[in-house]
Amino acid sequence: MALVGVLALQGSFNEHIAALKRLGVKGVEIRKPEQLLTVNSLIIPGGESTTMAKLAEYFNLFPALREFVQMGKPVWGTCAGLIFLADKAIGQKIGGQQLVGGLDCTVHRNFFGSQIQSFETELAVPELASKEGGPETFRGVFIRAPAILDVGPEVQVLADYPVPSDKVTSSDSSVEDKKENAEEENKVIVAVRQGNILATAFHPELTADTRWHSYFLKMGNVTGEEASSSGIVPAQVSTSYKQPLQNELPIFQ
Amino acid sequence: MEGSGVVTVYGNGAITETKKSPFSVKVGLAQMLRGGVIMDVVNAEQARIAEEAGACAVMALERVPADIRAQGGVARMSDPQLIKEIKQAVTIPVMAKARIGHFVEAQILEHLGIDYVDESEVLTLADEDNHINKHNFRIPFVCGCRNLGEALRRIREGAAMIRTKGEAGTGNIIEAVRHVRSVMGDIRVLRNMDDDEVFTFAKKIAAPYDLVMQTKQLGRLPVVHFAAGGVATPADAALMMQLGCDGVFVGSGVFKSGDPAKRARAIVQAVTHYSDPEVLAEVSCGLGEAMVGINLNDSNVERFANRSE
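Reading the values: the criteria
Residues numbered from 1 in each chain as written. Chains lettered and ligands numbered in written order. Predicted model: local features only at pLDDT ≥ 70, side-chain atom pairs only at ≥ 80, totals over all residues. Heavy atoms only, no water. Helix = DSSP H or I, 4+ residues; strand = E, 2+ residues; numbered from the N terminus. Buried < 20%, exposed > 50% of the residue type's maximum accessible area, 1.4 Å probe, protein only. Lys, Arg positive; Asp, Glu negative; His and termini not counted. Salt bridge = Lys/Arg side-chain N within 4 Å of Asp/Glu carboxyl O. Polar contact = N/O pair within 3.5 Å; in protein donor to acceptor, adjacent residues only side chain to side chain. Contact = heavy atoms within 4.5 Å. UniProt positions renumbered as here; feature names shortened; annotations may be inferred. Buried area = accessible area lost by both parts, 1.4 Å probe. Phe/Tyr/Trp six-rings, centres within 6.5 Å; stacked < 30°, edge-to-face > 60°. Lys NZ or Arg CZ within 6 Å of the ring centre and 35° of its normal. Patch = residues over 30% accessible without salt bridge, like charges linked within 9 Å, V, L, I, M, F, W, Y side chains within 5 Å. Areas by Shrake-Rupley, 256 points an atom, 1.4 Å probe, with all protein chains shown as cover. Charge placed at Lys NZ, Arg CZ, Asp CG, Glu CD. Pairing = 2+ DSSP bridges. Right-handed = clockwise from strand over helix to strand, strands pointing away.

### A short note on the side chain of Asp236(B)
All names here are of chain B.
Inference 1: Along the polypeptide, Asp236 turns up in helix H10 (residues 234–242).
Inference 2: No salt bridge is formed by the buried Asp236. Its closest oppositely charged neighbour is Arg263, at 7.2 Å.
Inference 3: Reaching out from Asp236, the side chain makes a polar contact with the backbone nitrogen of Ala232 at a distance of 3.0 Å.
Inference 4: With near-sequence residues (within four places) excluded, Asp236 lies in contact with Ile173, Gly230 and Val231.

### A few points about the environment of Leu152(B)
All names here are of chain B.
Inference 1: For Leu152, the location among the structural elements is in helix H6 (residues 148–156).
Inference 2: The exposure class of Leu152 is buried, given its relative accessible area of 0%.
Inference 3: Along the sequence, Leu152 and Pro208 sit 56 residues apart, while their C-alpha atoms lie 7.1 Å from each other.
Inference 4: Apart from the residues within four sequence positions on either side, Leu152 is in contact with Ala207, Pro208, Leu211, Val212, Thr215, Leu221 and Pro222.

### Quick word on the UniProt feature "binding site: D-glyceraldehyde 3-phosphate" (unreviewed entry) in chain B
Inference 1: When the UniProt feature table is mapped onto this chain, "binding site: D-glyceraldehyde 3-phosphate" (unreviewed entry) is found at Arg181(B).
Inference 2: Take Arg181(B): its relative accessible area is 45%, and that puts it in the partly exposed class.

### Quick word on the interface of chain B and chain A
Interface extent is often summarised as the accessible area lost during association of the parts.
Inference 1: The interface is formed by 58 residues belonging to chain B together with 50 residues belonging to chain A.
Inference 2: Carbon and sulfur atoms supply 56% of the area that chain B and chain A bury against each other, a total of about 4,400 Å² over both sides.
Inference 3: When the area that chain B buries against chain A is broken down by residue, the three leading residues are Met32(B), Arg34(B) and Thr91(B), summing to 16%.
Inference 4: The interface formed by chain B and chain A includes five salt bridges.
Inference 5: Across the pair Glu15(A) and Arg34(B) runs a salt bridge whose closest N-O atoms are separated by 2.7 Å.
Inference 6: Joining chain B to chain A, the criterion identifies 22 residue pairs in polar contact (both at pLDDT 80 or more).
Inference 7: Elements represented by at least two residues in the side of chain B that touches chain A include exactly helix H1 (23–33), helix H2 (44–53), helix H4 (80–89), helix H9 (209–218), H10, helix H12 (260–272) and helix H13 (277–283) of chain B.
Inference 8: Broken down by element, the side of chain B that touches chain A gets its largest block of residues, ten residues, from H1(B).

### Describing the pattern of salt bridges
Any two side chains of opposite charge can pair, on the condition that their charged atoms come close.
Inference 1: Summed over the entire model, instances satisfying the criterion amount to 33 salt bridges over all chains.
Inference 2: Across the pair Arg144(A) and Glu48(A) runs a salt bridge, and its minimum N-O distance is 4.0 Å. Of the two residues, Arg144(A) sits in the loop between strand E8 (137–142) and strand E9 (147–151) while Glu48(A) sits in the loop between strand E3 (41–44) and helix H2 (49–58), which places them 96 residues apart along the sequence.
Inference 3: Note on Arg144(A): relative accessible area 9%, which makes it buried.
Inference 4: Residue Glu48(A) is classed as buried on the basis of its relative accessible area of 5%.
Inference 5: For Glu127(A), the salt bridge goes to Lys131(A), with nearest N and O atoms at 2.9 Å. Placement of both Glu127(A) and Lys131(A) in helix H5 (residues 126–132) is noted, with a separation of four residues, approximately one turn of the helix.
Inference 6: If you follow the salt bridges from partner to partner, you end up with Lys54(A), Lys93(A), Arg48(B), Glu51(B) and Glu52(B) in one network.

### A closer look at the packing of aromatic side chains
Inference 1: Under the defined criterion, the tally for this structure stands at 17 aromatic pairs over all chains.
Inference 2: Relative to Tyr215(A), the ring of Trp212(A) has its centre 6.0 Å away and its plane inclined at 80 degrees; by these criteria the two rings are edge-to-face. Of this pair, Trp212(A) and Tyr215(A) both sit in helix H7 (residues 211–223), separated by three residues, roughly a single helical turn. For the pair Trp212(A) and Tyr215(A), one class covers both residues: buried.
Inference 3: Within the aromatic cluster, the residues linked to one another by ring pairs are Phe111(A), Phe112(A), Phe119(A), Phe138(A), Phe142(A), Tyr161(A), Phe202(A), Trp212(A) and Tyr215(A).
Inference 4: In this structure, Arg69(B) packs its charged tip against the face of Phe304(B), placed 4.1 Å from the ring centre.

### Notes on the UniProt feature "domain: PdxS/SNZ N-terminal" (unreviewed entry) in chain B
Inference 1: Those residues carrying the UniProt feature "domain: PdxS/SNZ N-terminal" (unreviewed entry) are residues 23–228 of chain B in this numbering.
Inference 2: Structurally, residues 23–228 of chain B comprises 45% helix and 16% strand, and the distance from its first C-alpha atom to its last is 23 Å.

### Observations regarding a negative patch on the surface
Inference 1: Together, Asp87(A), Asp104(A), Asp150(A) and Glu154(A) make up a region of like negative charge exposed at the surface.
Inference 2: Judged by relative accessible area, which is 44%, Asp87(A) ranks as partly exposed.

### Considerations on the pairing of strand E1 (residues 3–7) of chain A
All names here are of chain A.
Inference 1: Taken across its five residues, E1 has five buried, putting it largely inside the fold.
Inference 2: Residues Leu3, Gly5 and Leu7 point to one face of E1 and Val4 and Val6 to the other, with burial holding for every one of them.
Inference 3: Across five bridges, E1 lies against strand E2 (residues 26–30) in parallel orientation. Residue pairing across strands places Val6 opposite Glu29, the latter belonging to E2.
Inference 4: Handedness of the β-α-β unit built from E1, helix H1 (residues 13–22) and E2 comes out right-handed.
Inference 5: Bridge count between E1 and E3: three bridges; the pairing is parallel. When the bridges of E3 are listed, Gly5 appears paired with Leu42.

Next comes the structure, spelled out in structure tokens:
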């Protein structure tokens, strides 16, 4: 059984591990640089990207993460994870934040606005449907989500989302630059792949549909065939104290 | 109603158009906050300190609970101007408190475009009997609870996130522990219960049967559950996490201490590495003075937690 690392600094890492479990794959929480050595692929979950960046900085995770991405091991970022993987992010906090980079694109942090503008939609996902079967659409949950404004030549666009140009009329300052974007291009990119890097602006871990997860796992298998057959799954290191029972939240339809 | 022949049916009595924000999206943001720390801040400068420390959200309010306690008087929703300033200053989610039952304050907060409303017992009550009907709002709500029944009642009213109340502004963790233990203990009892007994259990804790049954199946609250009220040190925060909470609120604990920036950072790290004593020991070193705190054996101390049921 393949081990998949899930960066567990903050955010929806439990949800990712639960989704992997539904596919019969064990997800391992990654909190320290040395733990990255035990896994062959990594999911960077949703959460607050500033918080996750701060925590990664405190524990000196960035060099290890960059190395992991550069080695071509499969990495998937959802929402905040997408921001982590992008080469360039706009709409950051004062002073900016560190990024892992590797994905040749520009991400607009918090593109869709505050929680009131969070939404759910059926996204057309032709690439995913052709590889994984199932319906032509995927239930995309966008929570204060980022969006990809432009991508480099090597990046394959897996899904986009139309932005109505008359969208949002709030008095927020961050909405201004968004409006001009919306006028010049009526679609924003919300899912991409570049080699072994996968990134989605929405949260597949919050839905019952595990196709993105199995798509990601297959990315891993192409490169690391030998690793997936290892019978020696290292026993869970139990240096930790009380770990509460991991019961997962329900999936709201 | 008689004249027009129009009747409203349950769940359709919305003040604003609700359907734009399904429950999954409301819970979704709370899920993104898991494993994080939400800090009370009273101005833009403190909000920046919290953001820099790694808080996953800030709670904008006029006075921290410790000051509300000390100064007394009626505590209300913060000045919208202040909330706007805080929202401008940071990119992380901003929450704000509304009085229990004061749905107009909640409407104002929704209009300001903040991310979460806390219907909080720390503010003075506006309605002794009724909470806000949170289904009527597109903005998600977090509510306090002391036990499982109270938590499930709030969820039925539309809360998308629960925090155990603790005793805000005391810097004393005892009540927070009591409430978390009460919720978790009840869930453990419920889990071992025969299905036939759940009806009576639901009646006993005065909670809706369907949610009780859902809790039994899940083995946890059906929404994200944070701890609050009395967290003052990294160890307090890790204690809440080890008891099974999804994250913590820190109110007066940070900005009533000697070195807020350092303490905030330590608490954030403690929540991520809550089960790693090595890290906990490291981050707890040299934090300066903690907030003084209040001994809760004194019966003259007002209990905010008992203000609502």
